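What follows is the residue order along each chain.
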Amino acid sequence: MDNLLGHARKTGLELCIEFIEHLKTMDVDVIHMEVRKVELAPEGFIIDGEMFTHLILATGSIPKKLDIPGALYYLEPERSVKGEELLIIGSGDLAFDNAVRASVSGISVTVLMRGEPRANESLFMEARSLGVKEIVGDEMEIGFDGEFYRFGSKKYDRVAVFIGRTPNRELTEHLGDLKVELPHFSTSIKGLYIVGDAALGTFSQTALASGSGLAAAMHIAQTVKKR
């Protein structure tokens, strides 16, 4: 979290735990469930049989994918086999952040890029200091024999793809192409707000995501107060 003031060197998981603890002190209910559908109703929105007058969607983003069999789009380095060879495709912060995490867990990491790295310099240099290797080439050259991935003469146990992400709007696709209005992140549907990566897309930053959620919450508070 080098890009979030006051939280340098803190992991995303650690930050999430802090957020949850903060919510508990404010008596905010946290319900763990998978939302599969959002239904419109005259009074608002129905989710799993419950009615809500306002809804803030913070559904994040989903990874861009490549036609590579068995490619990973999420890493859990602590569950991986130590010493295995991992090839990461990508050149931005997401690619090198995962390269650092995997390398710290004892995995040998190589990052495949089409050109120059686009990650911030501190992250790139940290990856290099941990022994992460970089190669330039086209991912279309990767071969797979059912057991190992190959790039040139080198074999890899796994391939992970981190070439970017797109807003996750799956829950609102049936509602049409919703436009997000700034500065309060409202939409053309009354009471519906879309915040964070689901609204901001490539501007994937924790500070921006939390700020957009705050803007939506403040707008809701103002509109409710006026009634």
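In case you missed it, the structure is sitting above this.
Residues numbered from 1 in each chain as written. Predicted model: local features only at pLDDT ≥ 70, side-chain atom pairs only at ≥ 80, totals over all residues. Heavy atoms only, no water.

Concerning the overall build of the protein chain
Here is step 1: Along the protein chain, the regular secondary structure elements total five helices and 14 strands.
Here is step 2: A principal-axis box enclosing the C-alpha atoms of the protein chain has dimensions of 70 × 40 × 30 Å.
Here is step 3: Looking at the protein chain residue by residue over its 227 residues, the buried ones come to 35%.
Here is step 4: If you take every contact in the protein chain between residues at least 6 apart in sequence, the share linking residues at least 24 apart comes to 56%.
Here is step 5: Carbon and sulfur atoms provide 55% of the accessible area of the protein chain, an area that totals close to 14,200 Å².
Here is step 6: For the protein chain, the distance from the average position of its 25 positive side-chain charges to the average position of its 33 negative side-chain charges is 2 Å. (Helix = DSSP H or I, 4+ residues; strand = E, 2+ residues; numbered from the N terminus. Buried < 20%, exposed > 50% of the residue type's maximum accessible area, 1.4 Å probe, protein only. Contact = heavy atoms within 4.5 Å. Areas by Shrake-Rupley, 256 points an atom, 1.4 Å probe, with all protein chains shown as cover. Lys, Arg positive; Asp, Glu negative; His and termini not counted. Charge placed at Lys NZ, Arg CZ, Asp CG, Glu CD.)

Quick look at the sheet that holds strand β6 (residues 85–89)
Strand-to-strand pairing in sheets goes through backbone hydrogen bonds, with the strands running parallel or antiparallel.
Here is step 1: Spatially, β8-β7-β6-β12 is the arrangement adopted by the four strands of the open sheet, whose pairing is parallel. Either end of the sheet is taken by a strand with one partner, and the two such strands are β8 (133–136) and β12 (158–161). Geometrically, the sheet is characterised by an average inter-axis angle of 25 degrees between neighbouring strands, direction not taken into account.
Here is step 2: Inspection of the sheet shows β6 paired to strand β7 (residues 108–113) by five bridges, in the parallel sense. (Pairing = 2+ DSSP bridges. Axes fitted to C-alpha atoms, helices over the stretch in contact; angles between N-to-C directions.)

A few points about empty space enclosed by the protein
Here is step 1: Overall, the coordinates contain one cavity of 30 Å³ or more when judged by the stated rule.
Here is step 2: As a volume, the largest cavity reaches approximately 30 Å³.
Here is step 3: If you trace the largest cavity, you find it lined by Leu57, Thr59, Asn168, Arg169, Glu170, Leu171, Thr172 and Ile194.
Here is step 4: Counted by class, the lining of the largest cavity contains three nonpolar, three polar and two charged residues. (1 Å grid on protein atoms, 1.4 Å probe; cavity = no way out; pocket = protein on both sides within 12 Å on 5 of 7 lines; lining within 4 Å. Points joined across faces, edges and corners; volume = space filled by probe spheres on them. Nonpolar A, V, L, I, M, F, W, Y, C, P; charged D, E, K, R; others polar.)

Here's the deal with helix α1 (residues 12–25)
Here is step 1: For α1, spanning 14 residues, the distance from its first C-alpha to its last is 20 Å, which sits close to the expected 20 Å at 1.5 Å a residue.
Here is step 2: Backbone geometry just after α1 places Asp27 at a positive phi near 60 degrees. (Expected span 1.5 Å × (residues − 1).)

Some details on the sheet that holds strand β3 (residues 50–52)
Here is step 1: Here we have three strands laid out as an open sheet, ordered β1-β2-β3, and antiparallel in their pairing. Unpaired on one side and paired on the other, β1 (39–41) and β3 mark the two borders of the sheet. Each strand axis lies, on average, 35 degrees off the axis of its neighbour in the sheet, ignoring direction.
Here is step 2: Across three bridges, strand β2 (residues 44–47) lies against β3 in antiparallel orientation. Its bridge partner lying in β3, Phe45 is registered against Phe52.

Some remarks on the nonpolar core
Here is step 1: Membership of the largest hydrophobic core comes to 19 residues, with the highest contact counts inside it found for Leu75, Leu86, Ile88, Phe96, Val109 and Val111.
Here is step 2: For Val109, the contacting residues outside a window of four places in its chain are Leu86, Ile88, Ala99, Ala102, Ser103, Gly131, Val132 and Lys133. (Core = buried A, V, L, I, M, F, W, Y, C linked by side-chain atoms within 4.5 Å.)

Quick look at the environment of Pro167
Here is step 1: Examined against the element boundaries, Pro167 turns out to sit in strand β13 (residues 165–167).
Here is step 2: Take Pro167: its relative accessible area is 34%, and that puts it in the partly exposed class.
Here is step 3: Note: C-alpha distance between Pro167 and Ala58 (109 residues apart in sequence) is 10.0 Å.

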